[in-house]
Amino acid sequence: MNKRVLAFAVLLIGLVCLCVRDLSRPVQSAAQGIPAPEDVLGFKPGDDRKLASWSQVVEYFERLDVASDRVMFQVLGKSTMEKPFVLATISAPENLARLEEYKAVQEQLADPRKLGTGTARDRRAAELIRKGKTIVLITCGIHSTEVGSYLSSMLIAHRLASSNEPEIQRILQNTIILLVPSLNPDGVDIVKNWYDKTLGTPYEGTDPPELYHKYTGHDNNRDWYAFTQVETQITVDKIHNVWHPQIVHDIHQQGSMGSRLFLPPYMQPVEPNVPKQIVEGYTELGNWMAHEMRAKGFVGITTNSTYDAWSPSRAYSHYHGGVRILSETASARIATPITLKFEQLTSREGYDPQKESANYGPLWRGGEWKLRDITNYMTTAAFLLLNHASVNREQWLRRFYEIGREAVRPRVIRERFGFLIPPTANSDSLEKILVTAGVEVASPVWGPTARVGTRPIQKDTSLVRIDQPYGSFASALLERQHYPDLRDASGHPIQPYDVTAHTLPLLLGIEVQELRAPLKYRLPSGSMTQVVGSGNCCLAVPSAPMGLYRAAVPSMDAGWTDWILSAQDVYHTIITEKDVRSGKLHYTTVPSTTDRYRLIIIPDQAARTILNGYRSGAMPPELTGGLGQEGVKALRQYVEDGGTLVFLNRASDFAIEQFKLPIKNVVAGLPRTDFYVPGSILRIELDTTHPIARSMPKESIAWAEESPVFEVIENPATPSQYSVPASAVKVIAWYPRVADPLLSGWLLGANRIKGKAALIEVKMGKGRIVLFGFRPQYRAQSLATYPLFFNALRGGS
Ligand SMILES: [Zn+2]
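What you are looking at is a predicted structure, and each value in this text was computed from that prediction instead of being measured. (Residues numbered from 1 in each chain as written. Predicted model: local features only at pLDDT ≥ 70, side-chain atom pairs only at ≥ 80, totals over all residues. Heavy atoms only, no water.)

Looking at this structure, I do not really get the overall build of the chain. What am I missing?
What the chain contains, in helices and strands, is 22 helices and 30 strands. What you see for the chain is a C-alpha radius of gyration of 28 Å, in line with the 28 Å of a compact globule of 797 residues. Here the chain, with 797 residues, has 61% of them falling under the buried criterion. The long-range share in the chain, meaning contacts at least 24 apart out of those at least 6 apart in sequence, stands at 80%. When the accessible area of the chain is evaluated, it comes to approximately 30300 Å², of which 51% is carbon and sulfur surface. Placing the 87 positive and 81 negative side-chain charges of the chain at their respective mean positions leaves the two points 3 Å apart. (Helix = DSSP H or I, 4+ residues; strand = E, 2+ residues; numbered from the N terminus. Rg over C-alpha atoms; globule rule 2.2 N^0.38 Å. Buried < 20%, exposed > 50% of the residue type's maximum accessible area, 1.4 Å probe, protein only. Contact = heavy atoms within 4.5 Å. Areas by Shrake-Rupley, 256 points an atom, 1.4 Å probe, with all protein chains shown as cover. Lys, Arg positive; Asp, Glu negative; His and termini not counted. Charge placed at Lys NZ, Arg CZ, Asp CG, Glu CD.)

Explain the coordination of the zinc ion to me, please; I cannot follow it from the model alone.
The protein atoms donating to the zinc ion are His143 (ND1), Glu146 (OE), Glu146 (OE) and His252 (ND1), with metal-donor distances spanning 2.1 to 2.4 Å. One can describe the donor arrangement at the zinc ion as irregular, given that its four donor atoms subtend angles of 55 to 150 degrees at the metal. The exposure class of histidine 143 is buried, given its relative accessible area of 3%. (Donors = N, O, S within 2.8 Å, 3.2 Å for Na, K, Ca; no water. Tetrahedral: all angles 85-135°; square planar, octahedral: opposite > 155°, others 65-115°.)

Even after reading the chapter, I still don't get the nonpolar core, so can you show me in this structure?
General note: in soluble globular proteins, nonpolar side chains tend to be found buried as a group. Counting 191 residues, the largest nonpolar core has Phe61, Leu160, Leu434 and Phe473 as its most contacted members. Among the elements that make up this core, the one with the highest residue count is helix 12 (residues 371-391) (11 residues). Beyond its immediate sequence surroundings of up to four residues, phenylalanine 473 is in contact with Trp224, Tyr225, Phe227, Tyr316, Tyr319, His320, Ile433, Leu434, Ala437 and Val439. Membership of the second largest hydrophobic core comes to 39 residues, among which are Val580, Leu661, Phe710 and Leu771. (Core = buried A, V, L, I, M, F, W, Y, C linked by side-chain atoms within 4.5 Å.)

When you look at the side chain of glutamate 761 in this model, what are you seeing that I'm missing?
Its place among the elements puts glutamate 761 in strand 29 (residues 757-764). Within the structure, the side chain of glutamate 761 is placed 3.1 Å from the side chain of histidine 690, a separation counted as a polar contact. In terms of polar contacts, glutamate 761 uses its side chain to reach the side chain of arginine 768, at 2.7 Å. (Polar contact = N/O pair within 3.5 Å; in protein donor to acceptor, adjacent residues only side chain to side chain.)

Is there a simple way to explain helix 11 (residues 276-295) in this structure?
Residues spaced three or four apart along an α-helix point in a common direction, a consequence of the helix completing one turn every 3.6 residues. Taking 1.5 Å per residue as the helical rise, helix 11 with its 20 residues ought to reach 28 Å, and the 28 Å between its terminal C-alpha atoms agrees with that figure. Of the residues flanking the end of helix 11, it is glycine 297, one or two places downstream, whose phi is positive at about 95 degrees. (Expected span 1.5 Å × (residues − 1).)

Would you mind going over the sheet that holds strand 18 (residues 513-515) with me for this structure?
Through backbone hydrogen bonds, the strands of a sheet pair up, either in parallel or in antiparallel fashion. What the three strands build is an open sheet, ordered 17-14-18; its pairing is antiparallel. A single partner strand is all that each edge strand has here, and the edge strands are strand 17 (462-465) and strand 18. Between one strand axis and the next, the sheet turns through 25 degrees on average, direction left out of account. Across three bridges, strand 14 (residues 418-421) lies against strand 18 in antiparallel orientation. Residue phenylalanine 419 lies in a different strand from strand 18, and its bridge partner there is glutamate 514. Contacts between helix 14 (residues 427-436) and the sheet are confined to strand 14 and strand 17, with strand 14 contributing the most and set at about 145 degrees to the helix. (Pairing = 2+ DSSP bridges. Axes fitted to C-alpha atoms, helices over the stretch in contact; angles between N-to-C directions.)

Would you mind going over the side chain of glutamate 271 with me for this structure?
Examined against the element boundaries, glutamate 271 turns out to sit in the loop between strand 7 (267-270) and helix 11. When residues no more than four places from it in sequence are discounted, the contact partners of glutamate 271 are Ala309, Trp310, Tyr319, Ala476, Glu479 and His502.

Where do I start with the layout of surface pockets in this structure?
Which parts of space are left empty comes out when a probe the size of a water molecule is rolled across the atoms. As a volume, the second largest pocket reaches approximately 930 Å³. Taken together, the elements giving at least two residues each to the lining of the second largest pocket come down to helix 16 (504-508), strand 18, strand 25 (699-705) and helix 22 (786-793). Ranked by the residues each element gives to the lining of the second largest pocket, the list is headed by helix 22, at four residues. Tallied by class, residues from the lining of the second largest pocket come to 22 nonpolar, 10 polar and nine charged. (1 Å grid on protein atoms, 1.4 Å probe; cavity = no way out; pocket = protein on both sides within 12 Å on 5 of 7 lines; lining within 4 Å. Points joined across faces, edges and corners; volume = space filled by probe spheres on them. Nonpolar A, V, L, I, M, F, W, Y, C, P; charged D, E, K, R; others polar.)

Where do I start with the packing of helix 14 against helix 15 (residues 471-478) in this structure?
Any two packed helices are characterised by how steeply their axes cross, that is the angle between the axes, and by the distance between the axes. Where helix 14 meets helix 15, the axes come as close as 10 Å, and the angle between the chain directions of the two elements is 145 degrees. In this structure, helix 14 meets helix 15 at a crossing whose hand is right-handed. Each of Leu430, Ile433 and Leu434 in helix 14 lies in contact with helix 15, whose residues at this interface are Phe473, Ala474 and Leu478. (Left-handed = near helix turned anticlockwise from the far one by under 90°.)

Please explain empty space enclosed by the protein as it appears in this structure.
The final tally for this structure, using the stated rule, is five cavities of 30 Å³ or more. When its volume is computed, the largest cavity comes out at roughly 120 Å³. For the largest cavity, the lining is made up of 14 residues, of which Trp224, His240, Val248, Asp250 and Arg314 are closest to its centre. For the lining of the largest cavity, a count of residues per class yields six nonpolar, five polar and three charged. Reported here for the second largest cavity is a volume of approximately 60 Å³.

What should I look at first to understand the sheet that holds strand 6 (residues 261-263) in this one?
Strand order in this open sheet of nine strands is 1-2-4-3-5-10-6-8-12, and the pairing throughout is mixed. This sheet does not close on itself; its edge strands, each paired only once, are strand 1 (71-78) and strand 12 (360-361).

What is the right way to look at the packing of aromatic side chains in this model?
The geometry of two aromatic rings is summed up by the distance between their centres and the angle between their planes. Using the criterion set out here, one finds 25 aromatic pairs in the structure. Plain terms: the ring middles of tyrosine 60 and phenylalanine 61 are 5.9 Å apart, the flat faces sit at 70 degrees to each other, and that makes the pair edge-to-face. Phenylalanine 61 shares its class with tyrosine 60; the two are buried. Centroid distance tyrosine 319 to phenylalanine 473: 6.3 Å. Interplanar angle 75 degrees. Geometry classified as edge-to-face. Here tyrosine 319, found in the loop between strand 9 (308-309) and strand 10 (323-330), pairs with phenylalanine 473, found in helix 15; they are 154 residues apart in sequence, far enough to count as distant. In this pair, the class of tyrosine 319 matches that of phenylalanine 473, namely buried. Pairwise contacts between aromatic rings join Phe262, Tyr266, Tyr282, Tyr307 and Tyr497 into one cluster. Note that arginine 399 overlies the ring of tryptophan 396, its terminal NZ or CZ placed 4.8 Å from the centroid. (Phe/Tyr/Trp six-rings, centres within 6.5 Å; stacked < 30°, edge-to-face > 60°. Lys NZ or Arg CZ within 6 Å of the ring centre and 35° of its normal.)

In this structure, what is going on with the environment of valine 441? I would like to understand it.
Within the secondary structure, valine 441 is located in the loop between helix 14 and strand 15 (451-452). Note on valine 441: relative accessible area 0%, which makes it buried. Along the chain, valine 441 and arginine 465 lie 24 residues apart, while their C-alpha atoms are 7.7 Å from each other.

Here's what the structure looks like:
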């Protein structure tokens, strides 16, 4: 205990010295010949209006690798657009020489079954804890307009490689740092190119008019359980699953108008399968970092606000023994300084930046805010985190072992034992996800009399037990979510940070069965873990030429749609506002070379954005204006000539309004207290005689997120105000009339949607319009409703 107090005192003295100098400059240049970032970039990361290209970042780390025996640099794979995806492993040279040993320590502590049982197991674990290092993964730049972190990665690496300060020595000795300069290398250049192009123009500092990840944009950090994108796969397969880091520091930026910095703990709700030791760990570390930052004179810091810990899509490590320390520093305008008045600061969930409170302060009084402020907050926070990881090395490893020990504890009666996954169309996809996340999926031999209760167990049913290292991941993804009805002081629903449901069996259309008691079974000889295929074997994919509309204002749903069509080898052409407005859509009844689009998909986007796009003056003129009335006219002509338009989710409102369809969105404009569905899985019923619902079950799901809900206007007072009669409208799917529409997540105002339509086809002229009142291809996860989507794309009905 005394030793720890002493260590702490030394640490504090070190930190006091630290705060009086520029954090991005090393105190001692002990390590001769270690290049500084400015030697490669020609400027110091954090300088105003300067961004590094991805090749410069890679070059800097390559040079560090050559010059420093503390840095090991690797290319782990290729990004979506074929750029190198890289990792720097940083530690003391003697640790780098023994990485395989430290991996083995991690492997055994993560899975205490490998250490035997009882007190012998604890004794072996104690030896490993004495020997091991804290593994810290630092991830930067997943959101590419948040430029501070990839720039800071070079400042962090340089100080670690060059400094001989005692605290840096201790960090190098006690931790192994896995530094990912960017989780999205493509986006570094997308943002830099746009920023440089607009520098000195009225558009300097704007976000680029394209997604900064080709397919997912900002959703690239909503992929940590579906693993659809190569960047996620590389990070999970080659970093997380190899190293099982105890701490993941995920460095982000938030908007400009709130706190200067957010640190954990997260606000409620915390997803119930997150182990209590994880909650304890991020609470302790986040609060300590905030406390130390304040002591060093940093202001405007909040904890326990805005960001929750609900969705596993953002927190892989929470189910794999590691705390996620999200940090969110306030943004400038990319690399351009901004000036804010104190009165301009606005409240977010859980604090008011104009008032000091238990979880906010000291006040930031406004003024200039620039990239250097951002990199100073980021590098200071990162070194505090590394200090904690090194000083409390044993505590971090002990906590990690305790999580593993609890995970593999045999379950008793009335505790959840596991889940059975029957063999259905998408079972392979589900099992592949679980196996990717390190979950063991068993394929027992079921005898003819095998049953659970009175239900027989089908041949080829798989078993996922909960008493395994990553059983909490399986539980979180296989069970249904009961999102708490959280309200603020005035009774308004508190907006979840992301979405509220992630039940894979519902998203994939699989009836998984929960086991509440241990079950006897026999395994075939050989491997316990099943090798699984890629799923999606039997989708009937369309072949007619189609257009996918991608507006100047980027839509993540358009990106996901592009990815899904590409992954399924569906030939499609991207069409822009200009293409539509030009009126050259050319639908002809005889397919020809000029008839490029038999069908056009308009992905999810607010109706007003589709119509108006960027407002005039906000972006260069060629990007403003949206589809406008010209575009509406062209699309209408296209349908009347025989084309098909498929509208997804909010885009359906655009069709209803602009084509004057006899349909009402019954939830439009309702306050959240009356109706609210912030990303949930709802139940729908289907007319399976309709070609779009062909091959679907009578009951399925709808991913509802700010979704319209339709009612056909049967007998309008003034029929002439509509372009088609109600008889031209066919309802294909609807919310149940009696049963609760909510299957997983959160829904307020269920009664307003009972019996109302969720999927509609409208005949107009010689063509047709399909309106999805949900996202049938949500983030490439809702495979259950892929057939609806693909059927809708398969020519006329
Ligand atoms: Zn972010």
